[in-house]
Structures are given as C-alpha cells and as structure tokens.
Amino acid sequence: MSLDRVMGEGYFTTTIDALTKWGRANSVWPMPMGLACCAIEMMAFAGPKYDAARFGSEVFRFSPRQSDVMIVAGWCTYKMSHAIRRVWDQMPDPKWCIAMGACASTGGMHRCYGVVQGVDNFLPVDYYISGCPPRPESIINAILKIQDKIKEQQSLKLDS
Amino acid sequence: MNTDTRDSILQDIKEFLGDDLLELNLEQAYPLLRISGSKIYDTCRFLKNTLHFIYLNEIIGTDRFTSEDRFEVIYHLISLRDRQRIFVKVYVDEEDPLLPTVNDIWKSANWHEREVYDMFGIRFEGHPDLRRIFLPEDFKYYPLRKEFPLLGVPGSLEMPNTTPDHD
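The rules behind each value
Residues numbered from 1 in each chain as written. Chains lettered and ligands numbered in written order. Predicted model: local features only at pLDDT ≥ 70, side-chain atom pairs only at ≥ 80, totals over all residues. Helix = DSSP H or I, 4+ residues; strand = E, 2+ residues; numbered from the N terminus. Buried ≥ 20, exposed ≤ 12 C-beta atoms within 10 Å, placed from the backbone. Contact = placed C-beta atoms within 7 Å. pLDDT = per-residue confidence, 0-100. Pairing = 2+ DSSP bridges. Axes fitted to C-alpha atoms, helices over the stretch in contact; angles between N-to-C directions. Parallel < 35°, antiparallel > 145°, perpendicular 65-115°, else oblique. Left-handed = near helix turned anticlockwise from the far one by under 90°. Right-handed = clockwise from strand over helix to strand, strands pointing away.

### Some details on the overall build of chain A
So, point 1. Looking only at helices and strands, chain A has six helices and four strands in total.
So, point 2. Put simply, chain A runs from its N terminus to its C terminus through helices and strands in the order α-α-β-α-β-α-β-α-β-α.
So, point 3. The 160 residues of chain A split such that 32% are buried.
So, point 4. Residue pairs at least 24 apart in sequence account for 80% of intrachain contacts in chain A once pairs closer than 6 positions are excluded.

Written out as structure tokens, the structure is:
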C-alpha cells in the first residue's frame, strides 16, 4: 500500500468527524439560483479563468438533491420567493446558503413593493456577498468562508 | 420623418374628430393628441381602418394625481405603411375609471389593458378577460397609483412558509 511507503511502520489517528468535515469542505457543490445579472458573474466564477475547481466547487448541480450550497444571485420577487424556498427545501442537509450581491442581501436598488428586501426573509443565509454585481473573486471568498464554517461546526451528531 | 405624410394624416384626424380633438401637441418628436374619452373607440377604429395604424405598440397608464381627470391612458400607435408614429391620449376620471376596450380592433390590446387595469385599476368595458396580469388575483391595491406606498403594504403579498410542515 502506498501509505506504508510514506509512513513506514508508524500510524496516525484521526476522528471520523474530521474526515467527514474535510470531505464536505472540499466538495461544496453549488446550486445556481441565478435570478439576474449576478448570475453572469456566477458563471464566470465557475469558468476556467477563475477556476472554482481549485476549491472543489466547480460542479454546478441543477438538481437541488445533489447540491450543498445555494447561491442566490440576483433580485428576488415575492412570486419567485416561493419557488426558491421550494428548491431550498428539496436540498438535503447539510446545506448552506450564499446571498450574492446587494439585491439578494438587502433588496438593493429594487426598493419597491414587488421585490423581497433580502432573501434572508425566508432563507437561512450563511454568507452575504456585497457588490453590484460582485466580482467572481468575491464568490470564491464566500466559498472559502463556507468551507471555514463547515470545518468549525460539528459534522456528526446522533439523531435524537 | 416625412412631414408631408404626417400633415395629411393629422389633417384627416382633425376632420374626423372636429371638436373632440382637445389638444394637439407637435413639439415632441411624434404628434400627441388628446381626445375626449367618449370618442376613443371610434377614433381607434378610424386610425386603424382608414389611416392604417395597424400596430398598437403599447397602452400607457398615468396617474396625474389631480383632483379632476386623475388618470390618463395613452395609446401608442404605429403605421408600418406610412412609417408614422402617433400618441393618442384620453383622460379618465377617478370616481369610475372606465374606458371602452380596443381589444376587438387590435388583439394585442388584451394584455396591455390587463396591465393598465392591474397597475391603476382602470377598467375596460367589454374586455374578454379582465384579470390582473402581474400581481396575485386577491391583491387589493393598485401599485402604480401615487398613494400606494413605495415598499408596498406589509403582508399584502404572501411570503413562503419557512417552517417545515409537520403532519
């Protein structure tokens, strides 16, 4: 076995928790919820120039059942909020949410009756990205913050 | 723009309308005429059948926020044959905002009139399907009226359920 070559006759111990967190943090697959112009920057984030594959997040899953983090990119109307919440509810736990850009975070310039003033009104947002639209580096930063969060929290717990 | 064609069209309109042509504005790029509300249906039919304005580009509603003749509805018409564009405007009263539909003249008026109804509450008599087009059907307000608050009425639009359903 190759491990024998590296470690000789020694051994090391770890916890299943650390192993799970390591695996989870390095395979954060996004669910693209592109609603407006922020989605263009989100596509650049996944493209070759910014190369989200370095952080294990290049696989955009268009099925909520296969994704870990939802990137809400763009302004969200009251009509759309029901669809977004429905997609969010279909994502399996553990799951995280990124509100990308000023509109998704606070409503932004769409200060009017038809737009939800921030998707945190109906979603548990983990990280807010500022900017209008944010640069792809900001989304990489958000993914790194999500990875930090995954590494900090307890990954395994007994069901009550 | 070919001003000769425009002038002859305007002359025809003047002869057709007579005293019902209340205002004629030629200062803008395209002629804008205001007519009395009772003649809007006949004028639209005349403009389409005689002057060949076969394309209804849009119907615009405006809240002027005045005590009389509060609303105004603007019909934006295009003649593809003569390359002319014209705006026809009518005032609508606040008490009973009602206009005849032009849906049987231009089919495209269907959704435009529904939008004006949705945003301003101006009803179109004879419209085949006068429902709200953007907002929910149980919405009680008309959002583009001036007295409507900028951020809407709290609770008037439904938010998704954020707690899981237990059975």
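From this point, the narrative continues.
### So, the overall build of chain B
So, point 1. When you go through chain B residue by residue, the secondary structure sums to three helices and seven strands.
So, point 2. Secondary structure elements of chain B, listed N to C terminal, follow the sequence α-β-β-α-β-β-β-β-α-β.
So, point 3. The dimensions of chain B, computed from C-alpha atoms along their principal axes, are 75 × 35 × 30 Å.
So, point 4. Every one of the 167 residues in chain B was classed for burial, and the buried ones make up 23%.
So, point 5. Put simply, 48% of the contacts in chain B that link residues at least 6 apart link residues at least 24 apart.

### Description of the confidence of the model for chain A
Note: predicted coordinates in regions of low pLDDT should not be interpreted at a detailed level.
So, point 1. Mean pLDDT over chain A stands at 87; residues scoring 70 or higher make up 90%.
So, point 2. Highest mean pLDDT in chain A belongs to strand 4 (residues 127–129) of chain A (93); lowest belongs to helix 1 (residues 2–7) of chain A (67).

### Details of the sheet that holds strand 2 (residues 32–35) of chain B
Residues and elements named next belong to chain B.
So, point 1. Taken together, five strands build an open sheet; the order of strands is 1-2-5-4-3 and the sheet is mixed. At either margin of the open sheet sits one strand with a lone partner, and together these are strand 1 (21–25) and strand 3 (55–63). The average undirected angle you get between the axes of adjacent strands in this sheet is 20 degrees.
So, point 2. Direction of pairing for strand 3 relative to strand 4 (residues 71–79): antiparallel, over a ladder of eight bridges. Each residue of the ladder has a partner; that of Leu-56, found in strand 4, is Leu-77.

### Digging into unusual backbone geometry
Apart from glycine, the bulk of residues carry a negative phi angle, and the bulk of peptide bonds sit in the trans form.
So, point 1. Between A:Asp93 and the following residue, A:Pro94, the backbone shows a cis peptide bond with an omega angle of -5 degrees.
So, point 2. Look at the link from A:Cys132 to A:Pro133: it is a cis peptide, with omega at -15 degrees.
So, point 3. Looking at the element boundaries, A:Pro133 is found in the loop between strand 4 and helix 6 (136–152).
So, point 4. Backbone geometry at A:Asp51 places phi at a positive 55 degrees, although glycine is not the residue there.
So, point 5. Positionally, A:Asp51 belongs in the loop between helix 3 (38–46) and strand 2 (69–73).
So, point 6. One non-glycine residue, B:Phe65, adopts positive backbone phi at about 60 degrees.
So, point 7. Using a count of 11 C-beta atoms within 10 Å as the deciding quantity, one classes B:Phe65 as exposed.

### A few points about the confidence of the model for chain B
So, point 1. When pLDDT is averaged across chain B, the result is 89; 96% of the residues are at 70 or more.
So, point 2. Overall fold confidence (pTM) sits at 0.79, and the ipTM for the predicted complex is 0.74.

### What about the packing of helix 3 of chain A against helix 6 of chain A?
Residue and element names in this part refer to chain A.
So, point 1. Helix 6 packs onto helix 3 with a crossing angle of 70 degrees between their chain directions and a minimal axis gap of 8 Å. The orientation of helix 3 with respect to helix 6, classified from their angle, is roughly perpendicular. The hand of the helix 3/helix 6 crossing is right-handed. Contact with helix 3, carried on its side by Glu-41, Met-42, Ala-44 and Phe-45, involves Pro-136, Ile-139 and Ile-140 of helix 6 and no other residues of that element.

### Some thoughts on the pairing of strand 1 (residues 30–34) of chain A
A regular strand places its side chains on the two faces of the sheet in alternate fashion.
Residues and elements named next belong to chain A.
So, point 1. Bridge analysis of strand 1 against strand 2 gives five bridges, and the strand direction is parallel. Following the sheet pairing, Met-33 is matched in strand 2 by Val-72.
So, point 2. A crossover links strand 1 with its parallel partner strand 2, the connecting element being helix 3, and its sense is left-handed.

### Points about the sheet that holds strand 2 of chain A
All names here are of chain A.
So, point 1. Taken together, four strands build an open sheet; the order of strands is 1-2-3-4 and the sheet is parallel. Lying at the two open borders of the sheet, with one neighbouring strand each, are strand 1 and strand 4. Taking the axes of each pair of neighbouring strands and ignoring which way they run, one obtains an average angle of 20 degrees across the sheet.
So, point 2. Against the sheet, helix 6 makes contact with strand 2, strand 3 (96–100) and strand 4, and its axis sits at roughly 170 degrees relative to strand 4, the strand it touches most.

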